[in-house]
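Structural features, examined
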Amino acid sequence: MPDTVIKTSELTKLYGTVVGVRDLELEVERGEVFGFLGPNGAGKTTTLRLLMGLLRPSAGKADVFGLDAWKDSVAVKEKVGYLPGEAALYERMTGIGHIKFVANFNGNGEEEGFNLAERLELELERKVQTFSRGMKQKLAIILALMKNTPLIIMDEPTNALDPITQKLLYDILNERRNDGATILFSSHNLPEVERMADRVGIIRQGTLAGTERIEDMRAKRLRNVEVIFDGELPAGLALESLPGVTGIETLGNRIQLKLKGDINPLIKLVAQYDVADFSVTHASLEDVFLEFYEEAGVDTGGSSPEGDAP
Amino acid sequence: MSRTVFNKIVSERWRGTLVYALGILGYLLMIVAVYPTFKKTMTAKSQLLKDYPKAVLQFFGVKSINAASFNNYITIELLGLIWIVIMAAFVIAWTRAMISGEIHDGTMELLLSQPVARWQVLTSEGTGLLVGIVSLAVVTAVGSMALGAAFGAKVSYSGFAVFLPLGIALGLAMAGYSLLLSALVNDPRRAVMASAGLTLLFYLIHFGGTYSKVIDKIDWFGIFHYYNPLATLDSGTVPVKSILLLLAFAVVGFGLSLWVFQRKDIK
């Protein structure tokens, strides 16, 4: 098996004049967990559908395991477990019916499907039309994972899942990663991507703003820091001299600032004074996007004049 | 062909097909039960029919004024119009579900994320539709013969036997263009309306041909030009040319549907 599982070259999808993705260059290595991060309408779903051969590229190409995702889509899908963004299932079919249906295509996976249903505590005897949204999502996840494929592609996998089921899903995906599976998933939830992924790709307006290893991203991640001093603000507090500190705002004995990079110098500095409270919040997804777009030189002002991707 | 897809479509639609079949049988029972009474008043009816405008008689598929014959009676009451409506409703509902409905419901994404080719999906579901059309045609032909005989009618067995391929060919021709519209139009409601509208247009062209020679010249373009149930029942010979031309509609429609579906974005 090739080391590069997914490779796209100048991959472009246009819906009339609307850009789905444009000139996308993406590589995902074998055994990697790759998080595809972006706001709604950025082109995440379009990219995943192009990889699954559900959409025909307008230009460029997408290879999965060295196979053309559009022309060799049947061979590709033998190796991929796919979770769509919206779990659309056959309403009149039961959970068991769905598992047998998918297993019949692949000649295996039925037993694994039932095992996963047990772990996710999903009742399979009922017809899907009686399922809640969360139950439908669980069943769709089971259908994507039951084949034990070497590549798993998931579009916003934790949609509609409660926190306990989210944790279970993370555990299952970790097991699959340990078994050597490659995982590509999309999300607009930064903590989820940080938790799961080895590497992240950030997309907006159909363009890949950049890819980054999670540990590198953490190292230069923006944090919002608030320090409340006990009593008056200390005189001669030289916060602006610290590396990575910007946006300092003072209000009485309270200081708010943005910090990029190592937090230890800041902690050491404020620890010299009496501190009433010290809080750190992670930068918002928007802040992370802005960071990436500034680096990539992507226009961040409003939506694309060509419209948002579906 | 994919057996899994075929089994899925059959399990989804067998109940609906059964309802259609039972509906045809129920309607047949109702009209055939009235036939003996109708036959007694045949003279009056024949006279009445003679007074009808030719175009109205053609609208109901009547080509000769022999109201007493079972063939004529079943053509007026069922095969000339009602059966066409039933078959069109059955075929259009099925073809809607095959492409535009499944894309609209989102289940096409689930189906095509399995290792199955698009042509396999279409041929498998198309085979299911073929089974459905054959079933309804068989129920119609066998039901007409059995109930006709039970109620003392003089049944043309050979006529109903040769109606069978003609009826199947008509259903398949409808399926051809309906499937193409289902592949072309993303909104399933619009696909249904377009298919129903085209069927009505074909029928109106056929009907209008009796009034206008100009319209009559374009009647060959529509499927009903090749569907003459009374002549088929009366002659008892297979209308090979008509059947082949109806099948040509089906093959062209299916071929174009496949071409469109192979290139279609599943969104």
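Throughout this document, residue positions are counted from 1 along each chain, in the order its sequence is written. Here every chain gets a letter starting at A, and every ligand a number starting at 1, in the order they are written. Under the rules for a predicted model, residues below a pLDDT of 70 receive no local features and side-chain atom pairs below 80 are neither given nor counted, while totals for whole chains, interfaces and linings still include all residues. Each side-chain value is worked out from all heavy atoms of the structure, with water and hydrogens disregarded.

**A short note on the overall build of chain B**
Filter applied, for reference: Think of it this way: any DSSP run of H or I at least four residues long counts as a helix, any run of E at least two long counts as a strand, and we number them from the N terminus. As defined in this context, the radius of gyration uses C-alpha atoms, and a globule is described by 2.2 Å times the residue total to the power 0.38. The cut-offs for exposure are 20% and 50% of the maximum accessible area for each residue type, with area from a 1.4 Å probe on protein chains only; residues under the lower value are buried, those over the upper are exposed, and the others partly exposed. Here, residues are in contact when the closest pair of their heavy atoms is within 4.5 Å.
When helices and strands are counted, chain B shows twelve helices and zero strands. In sequence order, the secondary structure elements of chain B are arranged as α-α-α-α-α-α-α-α-α-α-α-α. Its C-alpha radius of gyration of 20 Å places chain B within 12% of the 18 Å reference for a compact globule of 267 residues. In terms of overall dimensions, chain B has C-alpha extents of about 65 × 45 × 30 Å along its principal axes. Within chain B, the proportion of its 267 residues that are buried is 54%. Put simply, 79% of the contacts in chain B that link residues at least 6 apart link residues at least 24 apart.

**Concerning helix α5 (residues 133-145) of chain A**
Since the α-helix advances by 3.6 residues per turn, residues separated by three or four positions end up pointing in the same direction. The line we're drawing: For a helix, the expected span equals 1.5 Å multiplied by the number of residues minus one.
Compared with the 18 Å implied by 1.5 Å per residue over 13 residues, the 18 Å span of α5 of chain A between its first and last C-alpha is a close match. Counting buried residues in α5 of chain A gives twelve out of 13 residues, a clear majority hidden from the surface. Listed in full, the buried residues belonging to α5 of chain A are Gly 134, Met 135, Lys 136, Gln 137, Lys 138, Leu 139, Ala 140, Ile 141, Ile 142, Leu 143, Ala 144 and Leu 145 of chain A. Where α5 of chain A is buried, its residues contact β6 (80-83), α3 (95-106), α4 (110-119), β7 (151-155) and α6 (163-178) of chain A together with α6 (107-112) of chain B.

**Quick word on unusual backbone geometry**
Backbone geometry follows two general trends: most residues other than glycine have a negative phi, and most peptide bonds adopt the trans configuration. All names here are of chain A. Positive phi outside glycine occurs at Phe 65, with the angle close to 55 degrees. Within the element layout of this structure, Phe 65 appears in the loop between β4 (59-64) and β5 (67-68). The phi dihedral of Gln 205 falls on the positive side, at around 50 degrees, and the residue is not glycine. Secondary-structure assignment places Gln 205 in the loop between β9 (199-204) and β10 (207-213).

**Description of the sheet that holds β5 of chain A**
Residues and elements named next belong to chain A. Rule in force here: At least two bridges found by DSSP between two strands are what make those strands a pair. Note on definitions: angles span 0 to 180 degrees between N-to-C directions of axes, and those axes are lines fitted to C-alpha atoms, for helices only across the stretch in contact.
Spatial strand order, β2-β1-β4-β5: four strands in an open sheet with antiparallel pairing. Every other strand in the sheet has two partners, leaving β2 (18-29) and β5 as the edge strands with one partner each. Direction of pairing for strand β1 (residues 4-15) relative to β4: antiparallel, over a ladder of five bridges. Following the sheet pairing, Ile 6 is matched in β4 by Val 64. Packed onto the sheet, helix α1 (residues 44-51) meets β1, β2 and β4 and runs at close to 120 degrees relative to β1.

**Re the environment of Gly 255 of chain B**
Considering the arrangement of structural elements, one finds Gly 255 of chain B in helix α12 (residues 240-263). Separated by 182 residues in sequence, Gly 255 of chain B and Tyr 73 of chain B have C-alpha atoms that sit 37 Å apart.

**As for the environment of Leu 26 of chain A**
Checked against the element boundaries, Leu 26 of chain A lands in strand β2. Sequence spacing of Leu 26 of chain A and Glu 10 of chain A is 16 residues, and the spatial spacing of their C-alpha atoms is 9.0 Å.

**Thoughts on the environment of Asn 174 of chain A**
Here Asn 174 of chain A shows up in helix α6. Remark: the alpha-carbon pair of Asn 174 of chain A and Ala 197 of chain A, spanning 23 residues in sequence, is separated by 10.0 Å.

**With respect to α12 of chain B**
Residues and elements named next belong to chain B. End to end, α12 covers 35 Å across 24 residues, agreeing with the expected 34 Å (1.5 Å per residue, within 8%). Within the sequence span of α12, burial applies to Ser 242, Ile 243, Leu 246, Ala 250, Gly 253, Ser 257, Val 260 and Phe 261. Elements that come into contact with the buried residues of α12 comprise α5 (82-105), α6, α7 (118-150) and α8 (157-184).

**Focus: the pairing of β6 of chain A**
All names here are of chain A. Of the two faces of β6, the one holding Val 80 and Tyr 82 and the one holding Gly 81 and Leu 83 are both buried throughout. In the sheet, β6 pairs with β7 via four bridges, with the strands oriented parallel. Paired with Gly 81 across the bridge in β7 is Ile 152.

**Considering the packing of α8 of chain B against α12 of chain B**
Residue and element names in this part refer to chain B. As a reminder, the rule being used: Reported orientations rely on four angle classes, namely roughly parallel under 35 degrees, roughly antiparallel over 145, roughly perpendicular from 65 to 115, and oblique for the rest. By definition, any crossing whose near helix is turned counterclockwise from its far helix by less than a right angle is left-handed, and any crossing with a clockwise turn is right-handed.
At a closest axis distance of 8 Å, the pairing of α8 and α12 adopts a crossing angle of 25 degrees. Judged by the inter-axis angle, α8 sits roughly parallel to α12. Of the two elements, α8 crosses α12, and the hand of that crossing is left-handed. Taking contact as the criterion, the partners of Pro 165, Leu 166, Ala 169, Leu 170, Leu 172, Ala 173, Gly 176, Leu 179, Leu 180, Ala 183 and Leu 184 in α8 are, on α12, Ser 242, Ile 243, Leu 246, Leu 247, Phe 249, Ala 250, Gly 253, Phe 254, Leu 256, Ser 257 and Val 260.

**Quick look at the interface of chain A and chain B**
Applied cut-off: Summed over both partners, buried area is the accessible surface (1.4 Å probe) that two parts give up on being assembled. The term salt bridge refers to a side-chain nitrogen of Lys or Arg lying within 4 Å of a carboxyl oxygen of Asp or Glu. In protein, a polar contact requires one atom able to donate a hydrogen and another able to accept it; more generally it is a pair of N or O atoms within 3.5 Å, and residues adjacent in sequence count only if both atoms are side-chain atoms. Each residue gets one of three labels, nonpolar for Ala, Val, Leu, Ile, Met, Phe, Trp, Tyr, Cys and Pro, charged for Asp, Glu, Lys and Arg, and polar for the others, Gly among them.
Counting residues at the interface gives 26 residues for chain A and 25 residues for chain B. Both faces considered, chain A and chain B share a buried interface measuring about 2,300 Å² in area, 62% of it formed by carbon and sulfur atoms. Notably, a salt bridge pairs Asp 265 of chain B with Lys 13 of chain A, separated by 2.6 Å at the nearest N-O pair. The interface formed by chain A and chain B contains ten residue pairs in polar contact (both at pLDDT 80 or more). With six residues, the top contributor of residues to the side of chain A that touches chain B is α3 of chain A. Taken together, the residues of the side of chain A that touches chain B break down into 16 nonpolar, four polar and six charged.

**Observations concerning the pattern of salt bridges**
All names here are of chain A. Taken as a whole, this structure holds 20 salt bridges over all chains when the rule is applied. A salt bridge links Glu 27 to Lys 7, with the nearest nitrogen and oxygen atoms 3.1 Å apart. One end of the pair, Glu 27, is in strand β2; the other, Lys 7, is in strand β1, with 20 residues separating them in the sequence. Glu 123 is the salt-bridge partner of Arg 126, the closest N and O atoms lying 4.0 Å from each other. Accessibility expressed as a relative area gives 30% for Arg 126, which makes it partly exposed.

**Details of the confidence of the model for chain B**
Under the convention used in this document: As a per-residue quantity, pLDDT reports the predictor's confidence and falls between 0 and 100.
Averaged over all residues, the pLDDT of chain B equals 89, while 93% of them reach at least 70. As scored by the predictor, the complex reaches a pTM of 0.82 and an ipTM of 0.81.

**Overview of the nonpolar core**
As a reminder, the rule being used: Definition of nonpolar core: a set of buried residues of the types Ala, Val, Leu, Ile, Met, Phe, Trp, Tyr and Cys, connected through side-chain atoms within 4.5 Å.
Judged by nonpolar contacts, the single largest core of 145 residues is most densely connected at Trp 83 and Met 174 of chain B. Ignoring anything within four residues of it in the chain, the contact list for Met 174 of chain B reads Ile 84, Met 87, Ala 88, Val 91, Thr 199, Ile 223 and Phe 224 of chain B.

**Looking at the sheet that holds β10 of chain A**
Residues and elements named next belong to chain A. Overall, mixed pairing links the six strands, which are arranged β6-β7-β8-β3-β9-β10 in an open sheet. Only two strands of the sheet have a single partner each, and these edge strands are β6 and β10. Across the sheet, the mean angle separating the axes of adjacent strands is 15 degrees when strand polarity is ignored. Across four bridges, strand β3 (residues 33-37) lies against β9 in parallel orientation. Of the residues in β9, the one forming a bridge with Gly 35 is Val 200. Against the sheet, α5 engages β6 and β7, with an angle of about 170 degrees to β6.

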